[in-house]
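# An overview of the molecular structure
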Amino acid sequence: MTEAILIGICGICIAGIGYLLKKAKVKGEMTELITSALERFVMERAINAAEAWAEKLEKKIGEKIKGSEKMKKAIELVKSAKENLEKLGIKLDISLEEEVLKEKIQAVFDKIKEELHHP
């Protein structure tokens, strides 16, 4: 519970900094850097949440959850996070097209997997 609260606060802080930098007309590179970090953060959280969801469901029904189902859940979570951030006035350049979003999430997942196996 504490971890979820801290992660939420960190996400809002990152988003707020990005918003303030855009408002202050800071160089595009810095704004792009923070925005891309926020996008990756959103996708990482969606991947982690989808994995946790799959583990809970697996324990409940006793069957392994397919990767495609996890991907659908991650896509749903990214869309939800983007909508919530937009309600706060924070815009992200995350495409909501299924295929584009699937590719971005898969790329983030592959980076996480690589970092775990090759520290």
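Residues numbered from 1 in each chain as written. Predicted model: local features only at pLDDT ≥ 70, side-chain atom pairs only at ≥ 80, totals over all residues. Heavy atoms only, no water.

### Thoughts on the nonpolar core
Our working rule: We define the nonpolar core as a collection of buried residues of types Ala, Val, Leu, Ile, Met, Phe, Trp, Tyr and Cys that are connected through side-chain atoms lying within 4.5 Å of one another. Relative accessibility decides the category of a residue: with a 1.4 Å probe and only protein chains considered, values under 20% of the type maximum give buried, values over 50% give exposed, and everything between is partly exposed. We count a stretch as a helix when DSSP gives it H or I for four or more residues in a row; a strand needs E for two or more, and each element gets its number in order from the N terminus. Here, residues are in contact when the closest pair of their heavy atoms is within 4.5 Å.
If you look at the biggest cluster of nonpolar residues, it comprises 17 residues, and the most contacted ones within it are V42, M43, V78, I94, L101 and I105. Among the elements of the structure, helix 2 (28-61), helix 3 (67-87) and helix 4 (98-117) are those that each provide at least two residues to this core. The element contributing the most residues to this core is helix 2, with six residues. Not counting residues up to four positions away in its chain, the partners in contact with V78 are V42, M43, A46, I94, L101 and I105.

### Remarks on the confidence of the model for the protein chain
How we decide: pLDDT is a per-residue confidence score from the predictor, ranging from 0 to 100.
For the protein chain, per-residue confidence averages 79 on the pLDDT scale, and 76% of positions sit at 70 or higher. For the protein chain, per-element mean pLDDT is lowest for helix 1 (residues 2-23), which scores 66, and highest for helix 3, which scores 86.

### Quick word on the pattern of salt bridges
Two side chains of opposite charge can pair, provided their charged atoms sit close to one another. What counts is decided by this rule: The working definition used for a salt bridge is a side-chain nitrogen of Lys or Arg within 4 Å of a carboxyl oxygen of Asp or Glu.
A full pass over the atoms with the stated rule returns seven salt bridges. Linking E44 and R40 is a salt bridge whose minimum nitrogen-to-oxygen distance equals 2.4 Å. Residue E44 and its partner R40 are both found in helix 2; the two are separated by four residues, about one turn of the helix. On the accessibility criterion, E44 (22% relative accessible area) is partly exposed.

### What about the side chain of K82?
Tracing the backbone shows K82 in helix 3. With relative accessibility at 10%, the residue K82 sits in the buried group. Those residues in contact with K82 that lie beyond four places of it in its chain are L92, I94 and L96.

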